[in-house]
Amino acid sequence: GENVEQHPSTLSVQEGDSAVIKCTYSDSASNYFPWYKQELGKRPQLIIDIRSNVGEKKDQRIAVTLNKTAKHFSLHITETQPEDSAVYFCAVSFYNNNDMRFGAGTRLTVKP
Amino acid sequence: DTEVTQTPKHLVMGMTNKKSLKCEQHMGHRAMYWYKQKAKKPPELMFVYSYEKLSINESVPSRFSPECPNSSLLNLHLHALQPEDSALYLCASSQGGRANTEAFFGQGTRLTVV
């Protein structure tokens with residue numbers, strides 16, 4: 001199956017700063033790259049996703065960039081707020097078989 | 001309705017018990033998933049059903065037995081579990097088919113094996 005690596009495992013930023021989380025994957029046939037946020041005791045929820053035919057996508061304070069050649073993609077959160085504190089997971093899905101694998105997760109802490 | 005509903009929310013079972021986890025969605029999704037999540041770890045893929053057929057089995061021990069009775073329901077039958085099987089079991093669904101799309105997760109069943 002797909003191998004997904006995610007860094008860093010923990011990230012602490014000051015409120016208002018930016019946060020960047022990076023993931024790499026191994027299978028060049030992967031074509032869908034979602035990011036999930038999981039708060040303590042809650043289910044993972046999609047915050048943004050990108051497909052392999054797009055290099056960048058933005059939704060307000062959140063953006064994702066994809067480099068297919070290098071097989072890595074990144075989550076960018078600007079103007080961080082305390083409520084952004086959570087665990088963030090990248091995921092990779094392989095074309096046509098609904099196989100979705102998660103990275104190890106990044107625990108983001110935004111200090112007020 | 002973007003809900004994936006899982007029952008029960010909590011389950012405590014002995015190692016000789018048989019129990020079932022249930023998952024339901026009414027979004028018309030044709031791909032349904034079971035994930036296992038241990039504390040401070042990512043969700044780990046167990047099974048995927050695509051159009052009610054088992055398409056992925058990640059070498060899960062036979063004490064876990066999935067079932068997809070129809071396109072809206074997904075079950076996970078548990079038998080002779082071990083204490084290390086204690087975890088949060090998450091069900092998810094997505095549209096399925098060629099275009100991979102967002103997976104919606106249920107709130108999970110927190111399983112404790114004693």
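To keep things clear, this report deals only with the structure shown in the data block. Position labels on residues start from 1 in each chain and follow its written sequence. Each chain is given a letter, starting from A, and each ligand a number, starting from 1, according to the order in which they appear as written. For this predicted model, a pLDDT threshold of at least 70 governs which residues receive local features, and a threshold of 80 or more governs which side-chain atom pairs are given and counted, while totals over whole chains, interfaces and linings are taken from all residues. Hydrogens and water molecules were not included; the side-chain quantities draw on all heavy atoms of the structure.

1. Details of the state of the cysteines
Linking two cysteines covalently through their sulfur atoms gives a disulfide. Here, two cysteine sulfur atoms that lie within 2.5 Å of each other are counted as a disulfide. This model, assessed by the stated rule, comprises 2 disulfides over all chains. Each disulfide pairs two cysteine sulfurs, and for Cys23 of chain A the partner residue is Cys90 of chain A, the sulfurs being separated by 1.9 Å. Taking the sign of the S-S torsion, -95 degrees for the link of Cys23 of chain A and Cys90 of chain A, the bridge is left-handed. Of the two residues, Cys23 of chain A is situated in strand β3 (residues 19-25) and Cys90 of chain A in strand β9 (residues 86-94); the sequence distance between them amounts to 67 residues. Of the two residues, Cys23 of chain A and Cys90 of chain A, both sit in the buried class. Here Cys23 of chain B engages in a disulfide with Cys91 of chain B; their sulfurs sit 1.9 Å apart. Disulfide Cys23 of chain B-Cys91 of chain B: the torsion about the S-S bond is -70 degrees, which places it as left-handed. With a gap of 68 residues between them, Cys23 of chain B in strand β3 (residues 18-25) and Cys91 of chain B in strand β9 (residues 87-94) connect regions that are remote in the sequence. There is no split in this pair, since Cys23 of chain B and Cys91 of chain B are both buried. Looking at the unpaired Cys68 of chain B, the closest cysteine sulfur is the one in Cys91 of chain B, lying at 9.3 Å. Only DSSP runs of H or I with at least four residues qualify as helices, and only runs of E with at least two residues qualify as strands; both kinds are numbered from the N terminus onward. Buried, partly exposed and exposed residues are distinguished by accessible area as a fraction of the type maximum, computed with a 1.4 Å probe on protein chains only: under 20%, between the cut-offs, and over 50%, respectively.

2. Some remarks on the interface of chain B and chain A
Each partner contributes to the interface: chain B provides 27 residues, whereas chain A provides 22 residues. The term buried area denotes the loss of accessible surface (1.4 Å probe radius) that occurs when two parts are joined, taken as the sum for both partners. Summing both partners gives a buried area of about 2000 Å² for chain B against chain A, and 46% of it is carried by carbon and sulfur. Think of a salt bridge as a Lys or Arg side-chain nitrogen and an Asp or Glu carboxyl oxygen that are within 4 Å of each other. Our count for the contact surface shared by chain B and chain A stands at 2 salt bridges. Ionic pairing is found between Arg101 of chain A and Glu58 of chain B, a salt bridge with its closest N-O pair at 2.8 Å. Two N or O atoms form a polar contact when they lie within 3.5 Å of each other; inside protein one atom must be a possible hydrogen donor and the other a possible acceptor, and for residues adjacent in sequence the pair counts only when both atoms belong to side chains. In this structure, the connection of chain B to chain A is made through 7 residue pairs in polar contact (both at pLDDT 80 or more). Broken down by secondary-structure element, the contributors of at least two residues to the side of chain B that touches chain A are β4 (31-37), β5 (44-50) and β9 of chain B. At 4 residues, β4 of chain B tops the list of elements feeding residues into the side of chain B that touches chain A. Every residue pair with non-hydrogen atoms within 4.5 Å of one another is taken to be in contact.

3. Topic: the pairing of strand β2 (residues 10-14) of chain A
Residue and element names in this part refer to chain A. Here β2 shows a buried face lined by Leu11 and Val13 and an unburied face lined by Thr10, Ser12 and Gln14. Two strands pair when backbone bridges link them, and β2 and strand β11 (residues 106-111) are joined in this way by 5 bridges, in the parallel orientation. Its bridge partner lying in β11, Leu11 is registered against Leu108. Two strands pair under a simple rule: DSSP has to find at least two bridges between them.

4. Notes on the nonpolar core
Trp35, Phe73, Leu75, Tyr88 and Leu108 of chain A are the most contacted members of the largest nonpolar core, which has 24 residues in total. Looking at this core, the elements that each hand over two or more residues are β2, β3, β4 (30-38), β5 (45-51), β7 (62-67), β8 (72-77), β9 and β11 of chain A. Only buried residues count toward a nonpolar core, which is a set of Ala, Val, Leu, Ile, Met, Phe, Trp, Tyr and Cys residues joined through side-chain atoms within 4.5 Å. Core analysis: the second largest hydrophobic core is formed by 22 residues, Met46, Tyr49, Leu74 and Tyr89 of chain B among them.

5. A closer look at the pattern of salt bridges
Considering all chains together, one arrives at 8 salt bridges over all chains under this definition. With a shortest N-O distance of 3.7 Å, Glu39 of chain A and Lys37 of chain A are connected by a salt bridge. Glu39 of chain A sits in the partly exposed class, given a relative accessible area of 35%. For Asp85 of chain B, the salt bridge is made with Arg63 of chain B, and the minimal N-O distance between the two is 2.7 Å. Of the two residues, Asp85 of chain B sits in the loop between β8 (73-79) and β9 while Arg63 of chain B sits in the loop between β6 (53-57) and β7 (64-70), which places them 22 residues apart along the sequence. When salt bridges with common partners are traced through the structure, they connect Asp99 and Arg101 of chain A together with Glu58 of chain B into a single cluster.

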